[in-house]
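# An overview of the molecular structure
Listed below, chain by chain, are the residues.
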Amino acid sequence: MTEAVFWVLAIVAVATASMCILSRSAMSAVLWLTATMLSLAAIYVLLNAEFIAAIQVLVYAGAVMVLFLFVVMLLNLGHATTDMRGPAAVAATVVIAGLLAIQLFALWTYSPERLAAEMTQAPQTGDPATLFAAGQAARRAAVEHGVVGAVAAPLFQVYLVPFELTSILLLVAIIGAVVLAKRKI
Amino acid sequence: MTDGMAPLLGPALGLSAILFSLGVAGVLLRRNVIVLFVCIELMLNAVNLTFVALAQLHGASGQVMVFFVMTVAAAEAAVGLAIILSIFRHKQSVDLQNINLLRG
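What you see as residue numbers is a count from 1 along each chain, following the sequence as written. Chain letters and ligand numbers both follow the written order, the letters beginning at A and the numbers at 1. The predicted origin of the model limits local features to residues at a pLDDT of at least 70 and limits the giving and counting of side-chain atom pairs to 80 or more, whereas totals for whole chains, interfaces and linings rest on all residues.

Put simply, DSSP marks the helices as runs of H or I at least four residues long and the strands as runs of E at least two long, and each gets a number from the N terminus on. When helices and strands are tallied, chain A shows eight helices and zero strands. Taken over C-alpha atoms, the radius of gyration comes to 21 Å for chain A, far larger than the 16 Å a tight globule of 185 residues would show. Across its three principal axes, chain A shows a C-alpha extent of roughly 60 × 45 × 30 Å. Each residue is classed by its C-beta neighbour count within 10 Å, where at least 20 other C-beta atoms makes it buried, 12 or fewer makes it exposed, and intermediate counts make it partly exposed; the C-beta atoms are placed from backbone geometry. A total of 185 residues make up chain A; the buried ones form 25% of that total. In chain A, the share of contacts with a sequence separation of at least 24, taken over all contacts with a separation of at least 6, comes to 36%. Two things to know: the radius of gyration comes from C-alpha atoms, and the globule rule equals 2.2 Å times the number of residues to the power 0.38. Our contact criterion uses C-beta atoms placed from the backbone: two residues qualify when those atoms are within 7 Å.

One widely used convention gives an interface's size as the accessible area the parts lose upon coming together. Residue-level contacts link 66 residues of chain B with 77 residues of chain A. Of all the secondary-structure elements, those providing two or more residues to the side of chain B that touches chain A are α1 (9–29), α2 (33–58) and α3 (61–91) of chain B. No other element matches the 22 residues that α3 of chain B contributes to the side of chain B that touches chain A. Partitioned by chemical class, the residues of the side of chain B that touches chain A number 48 nonpolar, 14 polar and four charged. Under the convention adopted here, Pro, Cys and the residues Ala, Val, Leu, Ile, Met, Phe, Trp and Tyr are nonpolar, Asp, Glu, Lys and Arg are charged, and Gly plus all remaining residues are polar.

Residue ranges assigned to the domains are those given by an automatic or database domain assignment. Partitioning chain A into domains gives domain 1 (1–80) and domain 2 (127–185). Centre-to-centre, using C-alpha coordinates, domain 1 of chain A lies 22 Å away from domain 2 of chain A.

With respect to the element layout, R114 of chain A can be found in helix α5 (residues 112–120). For R114 of chain A, a count of 14 C-beta atoms within 10 Å corresponds to the partly exposed category.

Quick look at the packing of helix α1 (residues 2–22) of chain A against helix α2 (residues 26–46) of chain A now. Residues and elements named next belong to chain A. For helices, the fitted line uses only the C-alpha atoms of the stretch in contact; every axis is such a line through C-alpha atoms, and the angle between N-to-C directions lies from 0 to 180 degrees. Running from amino to carboxyl end, α1 crosses α2 at an angle of 160°, the nearest separation of the two axes being 8 Å. By the angle between their axes, α1 is roughly antiparallel relative to α2. Between α1 and α2 lies a crossing of left-handed hand. For the pair α1 and α2, the contacting residues are T2, V5, F6, L9, V12, A13, T16, A17, M19 and C20 in the first and A29, W32, L33, A35, T36, S39, L40, A42, I43 and L46 in the second. Along the lines of polarity and charge, the residues of the contact of α1 with α2 split into 16 nonpolar, four polar and no charged. If an angle is under 35 degrees, it is roughly parallel; if it is over 145, roughly antiparallel; if it lies from 65 to 115, roughly perpendicular; otherwise it is oblique. Whether a crossing is left-handed or right-handed is set by the direction in which the near helix is turned from the far one by less than a right angle, anticlockwise for left-handed and clockwise for right-handed.

The structure is reproduced here in C-alpha cells:
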C-alpha cells in the first residue's frame, strides 16, 4: 500500500518537474514547481519525516514560491516568446543531463542491506540492524517525544551553533535583499 | 526486521536522481533567469529528498540538514530575486542573452 502511494507520488513529482522545465511562461514554471514540492512533501510523510513535510509545505511551497510569484508578477513580462536555447544546446543538455541521470540512477539499487555491506567493507556483510542503530533510535524518539521533538533534540543540542549562525544568515539576506531591490536608500 | 527498516530507500534515491537531472537539464535549456532559479530550487529539493531518505537509517541529523538547506535556499531566493529585480530595472529583460555585462 505504502509503495503504491509512493509510486503515484513519484510519477506526479517527475511529471510536474518535467512540465516545470518545459513550460513556456515563468508563471506556469513556478506553479508546476509548487506541485512538485507538494508531492515531495507527501513523500516525506511516507519516509517518516512528518515535521520536514510540514516545513516543506509552509516554507517552500508557501513562502519561497509566493516570493517567486511576487517577482514574476512584479516584472510583468507578459506573454513572452519561448526562451529555449537552440538545437545544439538541446543536444548538449540531453547528453549531459542524461549521463548524470544514468550515473545517479545507480542509487536505485541501494537497500539498507547493501549500504551496510559497503559501509563495513569487510568480507562478511554487516548487520543493518546494528549498523543503523541511529535510525532505530530516532524512530523510538519520535514515538516517545513526538515527531517534532525527535528533530528538535539534535537541532538544539548537537547543531546549536549552526542554528544560531542561521539567524545571522537570514538577517544578512534580509538586509541584502532590501539594499539590492530598493531604488534609492 | 531489515525489511521494515527503510523499504523505500532505493526508490527515493532514484527519484531524487531523476529530479536533480531534470533541474540540471532546465538550467542548461532555458534562458529566462527566473526559470533558471526555479530549476535551482528543484535541484535543492532533490538533494533534500536524499537527506530525508537516508535519515531513515542514520537518525534525525539528516532531517536537521534539510532544515538548514531550506534556510539557505530561502535566503538565496530572497537575495537572488532582488538581484534579478535590479538587473531588470537596468536592462528591461530577464533573458540571459541580454545580460552579458561580464563578457569581455
